[in-house]
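What follows is the residue order along each chain.
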Amino acid sequence: LNRLPLLEVLVEGKKDRRIAAILHAASDMRWKDFRDAGVNYLESNDEECRLWAVNLCGNLKNYLSIEAIAQLLAGDDNGIIRAAAVQALEDMGIAHEDVAAPPLIAALEDELSAVNVAACVALRTVRSKQAIGPLVDLLGTATGRLAEEVWPTLVAITDNQFNDNPQLWKDWWYRAEAN
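In short, a report on the structure. (Residues numbered from 1 in each chain as written. Predicted model: local features only at pLDDT ≥ 70, side-chain atom pairs only at ≥ 80, totals over all residues. Heavy atoms only, no water.)

## Remarks on the overall build of the protein chain
Applied cut-off: Helix and strand definitions here come from DSSP, where helices need a minimum of 4 consecutive H or I residues and strands a minimum of 2 consecutive E residues; each element is numbered from the N-terminal end. Exposure is judged per residue with a 1.4 Å probe applied to protein chains only, and the accessible area is read against the type maximum: over 50% gives exposed, under 20% gives buried, and values in between give partly exposed. Contacts are assigned to residue pairs with any non-hydrogen atoms lying within 4.5 Å of each other. For the accessible areas, the method is Shrake-Rupley and the probe is 1.4 Å, while residue cover comes only from the protein chains on display. Positive residues here are Lys and Arg, negative ones are Asp and Glu, while His and the chain termini are left out of the count. Every charge is mapped to an atom, namely NZ of Lys, CZ of Arg, CG of Asp or CD of Glu.
A count of helices and strands for the protein chain gives 10 helices and 0 strands. For the protein chain, the succession of helices and strands along the chain, N to C, is α-α-α-α-α-α-α-α-α-α. Put simply, the protein chain has 179 residues, and 48% of those count as buried. Here the contacts in the protein chain between residues at least 6 apart in sequence split such that 60% fall between residues at least 24 apart. Here the protein chain has roughly 9700 Å² of accessible surface; of this, 49% comes from carbon and sulfur atoms. Counting 17 positive and 27 negative side-chain charges, the protein chain places the centres of these two groups 5 Å from one another.

So, in structure tokens, the structure goes:
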């Protein structure tokens, strides 16, 4: 398959009804030559283009897009795009915790459970010390699926094998912060 004409459509940036489909295909097939093409569509007015641009950047680990994806996680109205941004930040977050972790931590408070649960699980990969305090706070207050995921995330980040007792974690974190 000669993909060059498809890449040219993305690079030209003209309005074209095929853009979302091209981004989707490039993301799913992980066409490395399209790695930089998705960045220009992260701010698209078309939600489908934004979604597949996020997936493309995450799947191909376009590290130059991390900040733009973090902004989408923080502010996009579409929950599916926010969830895709979580996945992209998880995919790129190792060795980039300083940029990936803060929006993931903020997403723990997202109104959509698919986003806050995905953010909690993503923090197991990103493993930022910054997440421990908010996770300890959530351990006693979270409900639903998020409540089920907080404890395993704390264990993954800290390597502590405490049970899911919120007070035990709070006491430990208080002592750890003091040191």
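## Some points on the environment of P152
With respect to the helices and strands, P152 occurs in helix α9 (residues 144–158). On the accessibility criterion, P152 (28% relative accessible area) is partly exposed. The sequence separation of P152 and V121 amounts to 31 residues, and the corresponding C-alpha distance is 8.5 Å.

## Here we look at a positive patch on the surface
What counts, and what does not: A residue counts toward a patch only above 30% relative accessible area and without a salt bridge, and it is joined to like-charged neighbours within 9 Å or, for Val, Leu, Ile, Met, Phe, Trp and Tyr, to nonpolar neighbours within 5 Å. Whenever Lys or Arg places a side-chain nitrogen within 4 Å of a carboxyl oxygen from Asp or Glu, that contact is recorded as a salt bridge.
On the surface, R30, K32, R35 and K61 cluster together into a positively charged patch. Topologically, R35 is positioned in the loop between α2 (19–29) and α3 (47–59).

## Let's talk about the side chain of S65
Quick note on the threshold: We call two N or O atoms a polar contact when they sit within 3.5 Å, provided that within protein one can donate a hydrogen and the other can accept it, with sequence-adjacent residues counted only if both atoms are side-chain atoms.
Within the secondary structure, S65 is located in the loop between α3 and α4 (66–75). Owing to a relative accessible area of 0%, S65 belongs among the buried residues under this scheme. At 2.6 Å, the side chain of S65 and the backbone oxygen of N62 are in polar contact. Once residues lying within four places of it in the same chain are set aside, the contact partners of S65 are V39, L42, C57 and M92.

## Digging into the packing of α2 against α3
Selection rule: Axis geometry follows a simple rule: fit a line to the C-alpha atoms, using only the stretch in contact for helices, then measure angles between N-to-C directions, giving values from 0 to 180 degrees. Roughly parallel here means an angle under 35 degrees, roughly antiparallel means over 145, roughly perpendicular means 65 to 115, and every remaining angle is called oblique. A clockwise turn of the near helix away from the far one marks a right-handed crossing, whereas an anticlockwise turn of less than a right angle marks a left-handed crossing. Residues were grouped as follows: Ala, Val, Leu, Ile, Met, Phe, Trp, Tyr, Cys and Pro as nonpolar; Asp, Glu, Lys and Arg as charged; and all remaining residues, including Gly, as polar.
For the pair α2 and α3, the least separation of the axes is 8 Å and the interaxial angle reads 20°. Viewed along their axes, α2 and α3 adopt a mutual orientation that is roughly parallel. Considering how the two elements wind past one another, α2 and α3 form a crossing that is left-handed. Touching I19, A20, L23, H24, A26, S27 and D28 of α2 are E48, C49, W52, A53, N55, L56 and N59, all from α3. Its residues assigned to classes, the contact of α2 with α3 comprises 8 nonpolar, 4 polar and 2 charged.

## Here we look at unusual backbone geometry
Phi is positive for R30, close to 55°, though the residue is something other than glycine. In this fold, R30 is placed in the loop between α2 and α3. In the Ramachandran plot, A95 falls in the positive-phi region, its phi being about 75° despite a non-glycine side chain. With respect to the helices and strands, the residue A95 is situated in the loop between α5 (79–93) and α6 (97–107). Judged by relative accessible area, which is 59%, A95 ranks as exposed.

## Focus on the packing of α4 against α5
Interhelical geometry of α4 versus α5 gives an angle of 145° and a closest axis separation of 8 Å. As α4 packs across α5, the resulting crossing turns out to be left-handed. Along the contact surface, α4 presents I66, I69, A70, L72 and L73, while α5 presents R82, A85, V86, A88, L89 and M92. Residue composition of the contact of α4 with α5, by class: 10 nonpolar, no polar and 1 charged.

## Focus: the layout of surface pockets
Cut-off, in case you're wondering: A 1.4 Å probe that fits but cannot get out identifies a cavity on a 1 Å grid over protein atoms alone, an open set with protein on both sides within 12 Å along at least five of seven lines counts as a pocket, and a residue lines either if it has an atom within 4 Å of a point. Grid points are joined across faces, edges and corners, and a volume is the space filled by probe spheres set on the points.
There is about 260 Å³ of room inside the largest pocket. Every residue lining the largest pocket is counted, 13 residues in all, and those nearest its centre are K15, I19, S44, D46 and C49. For the lining of the largest pocket, the per-class residue count stands at 4 nonpolar, 4 polar and 5 charged.

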